[in-house]
Structures are given as structure tokens and as C-alpha cells.
Amino acid sequence: MSDLFAFNGARGAGWSQPLPLIDKEVLISAIPAKLRRQNLPKWPRASEPEIVRHYTWLSNRNFGIDNGFYPLGSCTMKHNPRVNEKIVQLPGMDKIHPLQPDHHVQGLLAIYFEMQEMLAVCSGMDQVTLQPVAGAQGEFTAIRCIQEYHRQRGQGHRSKVIVPDSAHGTNPASASMCGYDIIEIPSGEDGRLDIDALKSAVGEDTAAMMITNPSTLGVFEHQIAEATEIVHSAGGQMYYDGANFNAIIGKTDPGRMGFDAVHYNLHKTFSQPHGGGGPGSGPIGVKSHLSQFLPTPIAGRREKIESDPKGVDDGYWYFWEDVGDSSIGKVQQWNGNAGAVVRSWAFYRRYGKELEKMSEHAVLNANYLRHKIMNPDPEIAEKIHVMPLNGAPADLVMHEFTLSLSPLKELHGVTGKDVAKRLLDYGVMAPTLYFPMIVPECLMIEPTETESKEVLDKFASDFHQILSEDPDIITSAPHTTDVKRVDEVWAARNLILKHPGNNSN
Amino acid sequence: MSNIPSELKYTAEHEWIRIDGNEIVVGITDFAQNALTDVVWVELPEIDVHFNAMDSYASVESVKSVSEIYAPISGTVTGVNELLEDAPETINIDPYGNGWICKMTIDDVTQLEGLLDSNTYEELIGE
């Protein structure tokens, strides 16, 4: 088998179209002659078993967290508990429509309300919306709220957003989408925020600063309170990128650090199958001075009165609440990715008040794996060509860590990319590669809390094995995957955006 | 070990500058092209447009990352290297020659004094 377009031509289809309710000639005459199709489109045609086999074949060539260890830094690829699926498939969750009246969907509304409250408590914010469906959309939404806040106060001239050079690329992109100019500030020697650089970057034109904590190097920004003070005194707002929220829940929160707005990646922190573009959920939380700008509606509740129907029987009546005239409007049709919200609610409910254990284990796993990799047993160390360097000179990291493969590149010309590709042969997903860009030949590793000690030990051992292999084997990897080494440079220079078989007219 | 010609000027953002009468020629250094790896796309600045020093006015993309190119001084773009549109790999092959990116006028000659010499740039990249 190759691709779907191998199924074409005059083969029978596995489906049949219903007959039109209007006379065929009437339908055709409604379309101008020059726009009418002269030939049948060359769409793939296949029987149902052929289609099933095709997609099963494709899924077998794929690699996901259900196939093996997936230490993709910053992406928090944790196990997706199957109980989440059971709950999201309850008829009251997946057989409802966004336009159904409130009294039909009290259960879902109650879950939305509880998620808003839980996320507000975990982040030290006052109000949460679950509408954005991706982290980047959450960033955009929050920066738009900050922009409206400035405009309402006659501060619309504030035109600059500050980001550290270790930031996720989406931060400057989101601010740029809102029309802001970006000021990038360099990190200090220790990979952390450079307070002096921040001081000289702020001014009367500062609209906001966007930063994640722990940083993308996996280290905690211990000067964060000072940073928020500096930005606030200049009249700017502080935005917390919640991509690394898995590291801090129950230990500290963005509100305490002084932030005004935050986004959460439910698909990362609260488990949800993700990757390949979705389905995500990127709610945002804001302090009370920004809540009037949130997208509308949010889930609200009031005390129940006698005439109300039964509902979820917790003493409250839930409803979609309009945010008001200052709202930036909707950022998504309907009310966000409800399925992702429900799965994440199910995940959090399994921890309940012990949610902080999730972060504790995530940080423990990252530090254990980092230590294990950086301190091989003497007999193994002897065989290793050269050890990688720590990406950050910190004794302890948070939920992820970075390694620089520069020494190996200098010694044998083996790059971080080569090692990442060789890991595929060992049945694990390659870590995040070449990010953050301030670490040369960077591998960024995030084991998450859901992996056992045995999995981490095996990964460290495989990693050491690779570091002692013949450089030629590493630089030509992967050897065991369906698709071998691809020529990324050729592919990028010779873009083919249209499938050659898709010549339907 | 990177090639750092002594007759050129440099910036901390890994650009090189050749002063050519009333104009400068700008490109990225050997160190930069090596760190970027294979260049796959170059976005050139617009001709006749004025930029201030440190304005982002071009970008160089490899399979690894996209890097902004900043105007080393204030001036107006007078020419761009169109060869790079079809052969971006020229930046890897000949960063100081055929891999040049653009030419600019010089608003204020005193700004040239702020550029780095080859020794300072060498120290900066720590080789």
C-alpha cells in the first residue's frame, strides 16, 4: 500500500450518495455552464475494508505515547488515562450540541464551571475562560485582553512586548498577531532572565512581557518577582506562558509571582491525546482587572431556586454567562474543545486535592533522568566518546532539562539531530531538538510523571549506548524505522505542496 | 574553527560588514552559517527602504531555525543578493563572498565605530 490516491479510477466506492431532493436538471441549471465539472473527480474510491486497512496501516507506521517513551521537551507527552475516554464518551458529554438550552447540558456546564474554578485556584487568577483551543490561541486571547485594557485606560500607545530569547516561538508570534513590536532580551550566563537587560528594555511603550517559568531550559526563574515589579512599574502587564505548568502546580502559582494573565495547555498538563495539531485546549486565566475583556461567554452559576429543573443536584444552576460589552468577542465558535475539557477534568479529578503530587513526580523524574544520564557507571563512561553538557548550569532542574551535544559534534561531527534520529532505532521518540536555540546542539528532555523508573533507566542506558557507538551508525540513523533518514534540506528547498496524484479538476 | 577575515567589521548578532565607499555590504558570518546548518530560504529586505540600526530587516532559515538579520547601522537598502532566492546554499558555501545579503547606505559614519573588529568578534564567539 502507498497512499489513498492509489485507490482511484472506476473502482466501486464503499458508500453511496443519497439522491438529491431537488430535480437534477434544476440543480445543474443553477450552476453557470463554465463552472460545471466536465469529468468525474479523481477522488479515491475504495470499499470499507480497504479504507479500514489503509488507516490501520498508516497508524502502524506512526509513533505515539502508546507505542513507547515520548520525552518531547516542552510538550508534556504524558500518558492519557483511559478513564478519561470513558467519561468523555458518556452520552451526556458526547451526544450534545452547543446550541442545546442550558437545562439540557447542566452536567457539562458544571464541569466547565469547576474547571474554570480549579484552574483559577491553581494559577492564582480570578477568572478563567475555556474558549481558546490551543496554547497559541490562548496567548493571542490574553494579549488581546491586555491590549484592550491599555486602550481603555488611554494607554493605547504602548506598542512593545518583551520576550526573553529562551521563549517559545509562539510568544512573539502571538504578540505580533496583535500588532505589537517584539523586544527580545538575552538570557544571563546561567540561562535565566537577565534582570539588567529587562530594566533597560522596559519603558513607556511597554505593553507586556511574556515569559514561561520554569523557563524552556527547565530552570526556575527565581528573580521572577523582581521582574514583574519592573514591568508593572513601567505600566506593562505580565503574561505567563503555561506550557511548563506541569512543574509547579500546588507549589507556587503565577498569581503569587505577580502575573496578570496566564494560559494553560490542558492537552499537556491535564492529559489529552495531542500532537499533529490537535485537539488542544488553551484556556486563559486573568486577574480581575482584565476579566471584563475575556471572550464571551463563560460558564456561570447561581444558587438554585425552587422552579429550576433538577440539574446536577448540587444546589446550583449553571448557565452560559455573557462577559459584557468590553469583551474582545469570541475567539472560537461555540465554547472551546469540550471533549478536551472533559478529559482534563476527569484527569484532575483522579488527583483531586493531591494534584501537587503530579508536579512533584514530574520534577523528580526529570532530575532522576538528568542525573542518570550525566553520571554513567565507570565501565559505561569508559566506552562513551564524550559526555554531553548540561544546557543550564543548575544543580536541580524542574520538569525538563536540556543537554548540549556540542562536544560530540566537535569530536566526531555527530550532531544533536543524529543522536535524536538514532534514538528512534531504540524505540523511543526523539526529544525536542534544537530548542531552546540558546543551547547549541540542544536536546530537550521531559519524561513527565507518568513514566516508571524502569523506563527512565532504560532510556539512560540506551542514550549511553548511542554515545559509545560508531559515529557512522549514528549519522546514518534511523536504520529500523519504515522511513529512513529523510533529506530535510532537499525537502525544504524543493517544496511540493500538492499531492502529485491529486489532479482532480 | 571559523573563518573571520580581519578586513571586515562584525556585530554581536553574527553579521559581517564590508565598508565599500559610501555603502556597506552585509552578510552573515562563517560561524553563523555553521551554527544554522544548511540554509533553505532567505528573506531579503526591500530595496529603497530605510531601516534604523537593529531593525530586523531580513531572515535566514535553515531546517533548524529561522534567524532574524538586523540592520547593523541606520541606512537605506540599495541592493540585495537575488542569487540567494534560487540558491540559498550560497550562504553556506561562500558566506563572505557570493553569499552576501544586501547593500546599504550609511546615515551616520560614527555608527560604524560601534561595530566589532575581527579580534573582538573572535573573542565573542569564544573560539
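You'll find the structure just up there.
Thresholds applied
Residues numbered from 1 in each chain as written. Chains lettered and ligands numbered in written order. Predicted model: local features only at pLDDT ≥ 70, side-chain atom pairs only at ≥ 80, totals over all residues. Heavy atoms only, no water. Phe/Tyr/Trp six-rings, centres within 6.5 Å; stacked < 30°, edge-to-face > 60°. Buried < 20%, exposed > 50% of the residue type's maximum accessible area, 1.4 Å probe, protein only. Lys NZ or Arg CZ within 6 Å of the ring centre and 35° of its normal. Axes fitted to C-alpha atoms, helices over the stretch in contact; angles between N-to-C directions. Helix = DSSP H or I, 4+ residues; strand = E, 2+ residues; numbered from the N terminus. Left-handed = near helix turned anticlockwise from the far one by under 90°. Contact = heavy atoms within 4.5 Å. Nonpolar A, V, L, I, M, F, W, Y, C, P; charged D, E, K, R; others polar. 1 Å grid on protein atoms, 1.4 Å probe; cavity = no way out; pocket = protein on both sides within 12 Å on 5 of 7 lines; lining within 4 Å. Points joined across faces, edges and corners; volume = space filled by probe spheres on them. Salt bridge = Lys/Arg side-chain N within 4 Å of Asp/Glu carboxyl O. Pairing = 2+ DSSP bridges.

1. Examining the packing of aromatic side chains
Taken as a whole and judged by the stated rule, the model has twelve aromatic pairs over all chains. When the centroid spacing of 6.0 Å and the interplanar angle of 35 degrees are considered together, the rings of Phe 63 of chain A and Tyr 70 of chain A count as tilted. Residue classification places Phe 63 of chain A among the partly exposed residues on the basis of a relative accessible area of 26%. It is Lys 64 of chain B that lies over the ring of Tyr 434 of chain A; its NZ or CZ is 4.2 Å from the centre. The ring of Trp 100 of chain B is capped by Lys 103 of chain B, whose NZ or CZ atom sits 5.0 Å from the centre of that ring.

2. What about the packing of helix H5 (residues 106-123) of chain A against helix H12 (residues 338-351) of chain A?
All names here are of chain A. At a minimum axis separation of 10 Å, H5 and H12 run at an interaxial angle of 65 degrees. Judged by the twist between their axes, the crossing of H5 over H12 is left-handed. Residue-level contacts link Leu 108, Ile 111, Tyr 112, Glu 114, Met 115 and Met 118 of H5 to Ala 338, Val 341, Val 342, Ser 344, Trp 345, Tyr 348 and Arg 349 of H12. Split into classes, the residues belonging to the contact of H5 with H12 amount to ten nonpolar, one polar and two charged.

3. Section: the layout of surface pockets
Residues and elements named next belong to chain A. Of the volumes computed, that of the second largest pocket is approximately 570 Å³. If you go around the second largest pocket, you meet 25 residues; those closest to its centre are Phe 63, Leu 424, Met 429, Thr 481 and Val 483. Mapped onto the lining of the second largest pocket, the elements with two or more residues apiece are helix H2 (48-61), helix H16 (416-425) and strand S12 (432-433). Tallying contributions element by element places H16 first for the lining of the second largest pocket, with four residues. Each residue belonging to the lining of the second largest pocket can be placed in one class, and the counts come to 13 nonpolar, six polar and six charged.

4. A closer look at the pattern of salt bridges
Residue and element names in this part refer to chain A. Enumeration according to the criterion identifies 25 salt bridges over all chains in this entry. For Arg 151, the salt bridge identified is with Glu 148, shortest N-O distance 3.1 Å. Note that Arg 151 and Glu 148 are positioned in helix H6 (residues 135-152) at a spacing of three residues, about one turn of the helix. Residue class for Arg 151 comes out partly exposed when judged on its relative accessible area of 46%. Looking at Glu 148, the relative accessible area reads 18%, which means it is buried. Here Asp 418 ties to Arg 485 by a salt bridge, and the two come within 3.1 Å at their closest N and O atoms. Of this pair, Asp 418 sits in helix H16 while Arg 485 sits in the loop between helix H18 (471-475) and helix H19 (488-493), placing them 67 residues apart in sequence. A single network of salt bridges, built from pairs that share partners, joins Arg 144, Glu 148 and Arg 151.

5. What to know about the sheet that holds strand S2 (residues 160-164) of chain A
All names here are of chain A. Here seven strands make up an open sheet; going across it, the order is S1-S7-S6-S5-S4-S2-S3 and the pairing mixed. This sheet does not close on itself; its edge strands, each paired only once, are strand S1 (127-129) and strand S3 (181-185). Strand-to-strand twist of the sheet, defined as the mean angle between neighbouring strand axes without regard to direction, takes the value 20 degrees. Sheet analysis places strand S4 (residues 206-211) next to strand S5 (residues 237-240), joined by four bridges and oriented parallel. Bridge pairing links Met 210 to Tyr 239 in S5.

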